[in-house]
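Architecture at a glance
Next come the chains, spelled out residue by residue.
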Amino acid sequence: MPHAKSTDGVRIAYQTQGDGAPLILLAGQANNHHWWDGVRDDFHARHQTITFDYRGTGDSDKPDMPYSTTGFADDAIAVLDDLGIDSADVYGTSMGGRVAQWLAARHPDRVRALVLGCTTPGGRHAIERDSEVRRSLADPDPAAARAALLELMYTPTYLATAPGPFNTLGDPTMPAYARRRHLLASARHDAWDALPDIGVPTLVVHGTDDRFNPAANAALLADRIPGAQLRMIPGARHAYFDEFRTTAGPLVSDFLNSVRP
């Protein structure tokens, strides 16, 4: 598996599939590239998809040092550099959407178009999940906490019929210290002041029933980013891109194709 080297010497494992215009897919907190396994084929008609394992996950290095969403964005740039790609479409979901915000704000020449899914601007302007959700995720019983996370990700109807495995519940191989580092990186994200600087075509996507990352954050992002489009997927929870792939995949593809010169 190829690795890129970030500016601080950390080796970042990455993966590519398909041919066409480059599209980098950014996973959620404490997840590796398998987050995208169920849906990345939906983009291969026109795109080469690029994923990578965040530092602390998968086959990337796992240094015990502070992580940040800006640092993850720098790691994404290192991957693009290693591939010799000048600019790419960027699609980030959950914490990956936080990372994507910094990519577009700090590296505008490297981002052709931007999709922000089930994410938040962070900081004091963001809408936080409610106390009931926080308590359920902090349950000392691992099985109960996992069940709570599943129900935040997917609808009961989907869970009743989907066989799994579910690739959106975290990288099981992560060291505990790296999981904590990811949690802090995501919690400390605050791109509010940088959002008006994003000048690339942007689509914001969110499930209407997302309590894990409250759906109200979508409008905040769309209002803050100049010219951004907003699309809400009725009935979807946090993993809208997975459960509602037949809606979300074409929605994102059509947007990316519509802004292509």
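Scroll up to find the structure this text is about.
1. Some remarks on the nonpolar core
- Within the largest apolar cluster, 79 residues are counted, with the highest numbers of intra-cluster contacts made by L26, F52, Y91, L114 and Y240.
- Excluding its chain neighbours within four sequence positions, the residues that come into contact with F52 are I12, A13, Y14, Q15, I24, L26, H33, F72, D75, A76 and V79.

2. Considerations on unusual backbone geometry
- In the segment running from G164 into P165, the intervening peptide bond is cis, with an omega of 0 degrees.
- For P165, the position within the fold is in the loop between helix 5 (156–161) and helix 6 (176–187).
- Phi at A30 is positive, roughly 60 degrees, even though this residue is not glycine.
- Within the secondary structure, A30 sits in the loop between strand 3 (21–26) and strand 4 (47–52).
- For A30, a relative accessible area of 4% puts it in the buried group.
- Here C118, not a glycine, exhibits a phi torsion of approximately 40 degrees, which is positive.
- Within the secondary structure layout, C118 lies in the loop between strand 6 (111–117) and helix 3 (131–137).
- C118 sits in the buried class, given a relative accessible area of 0%.

3. Observations regarding the packing of helix 1 (residues 69–83) against helix 2 (residues 95–106)
- Packing of helix 1 against helix 2 brings their axes to within 8 Å, and their N-to-C directions diverge by 70 degrees. Between helix 1 and helix 2, the crossing angle belongs to the class labelled roughly perpendicular. Along this stretch, helix 1 crosses helix 2, giving a crossing that reads as right-handed. Contacts between helix 1 and helix 2 pair T69, T70, F72, A73, A76 and I77 from the former with M95, R98, V99, W102, L103 and R106 from the latter.
- For the contact of helix 1 with helix 2, the class distribution of residues is 8 nonpolar, 2 polar and 2 charged.

4. Brief notes about the environment of Q229
- Tracing the backbone shows Q229 in strand 8 (residues 229–233).
- Considering only alpha carbons, one finds Q229 and L203, 26 residues apart in sequence, at a separation of 4.8 Å.
- Beyond its immediate stretch of four places on either side in the chain, Q229 contacts T202, L203, V204 and F255.

5. A look at the side chain of T93
- Here T93 shows up in strand 5 (residues 88–93).
- A relative accessible area of 0% places T93 in the buried class.
- Within the local environment of T93, its side chain forms a polar contact with the side chain of W35, the two groups lying 2.9 Å apart.
- For T93, the residues in contact, after removing those within four places along its chain, are L26, A27, G28, W35, W36, G117, C118, Y240 and F241.

6. Here's the deal with the pattern of salt bridges
- Inspection of the entire model under this criterion finds 9 salt bridges.
- Residue D81 is joined to R110 by a salt bridge in which the shortest nitrogen-to-oxygen separation is 2.8 Å. With D81 in helix 1 and R110 in the loop between helix 2 and strand 6, this residue pair connects regions lying 29 residues apart in the sequence.
- Residue classification places D81 among the partly exposed residues on the basis of a relative accessible area of 46%.
- One salt bridge in this structure joins D89 and R112, with 2.7 Å as the shortest N-O distance. Note that D89 is positioned in strand 5 and R112 in strand 6, a separation of 23 residues in sequence. Each of the two residues, D89 as well as R112, counts as buried.
- Three or more residues joined by partner-sharing salt bridges are found here, namely D8, R55 and D75.

Basis of the calculations
Residues numbered from 1 in each chain as written. Predicted model: local features only at pLDDT ≥ 70, side-chain atom pairs only at ≥ 80, totals over all residues. Heavy atoms only, no water. Core = buried A, V, L, I, M, F, W, Y, C linked by side-chain atoms within 4.5 Å. Buried < 20%, exposed > 50% of the residue type's maximum accessible area, 1.4 Å probe, protein only. Contact = heavy atoms within 4.5 Å. Helix = DSSP H or I, 4+ residues; strand = E, 2+ residues; numbered from the N terminus. Axes fitted to C-alpha atoms, helices over the stretch in contact; angles between N-to-C directions. Parallel < 35°, antiparallel > 145°, perpendicular 65-115°, else oblique. Left-handed = near helix turned anticlockwise from the far one by under 90°. Nonpolar A, V, L, I, M, F, W, Y, C, P; charged D, E, K, R; others polar. Polar contact = N/O pair within 3.5 Å; in protein donor to acceptor, adjacent residues only side chain to side chain. Salt bridge = Lys/Arg side-chain N within 4 Å of Asp/Glu carboxyl O.

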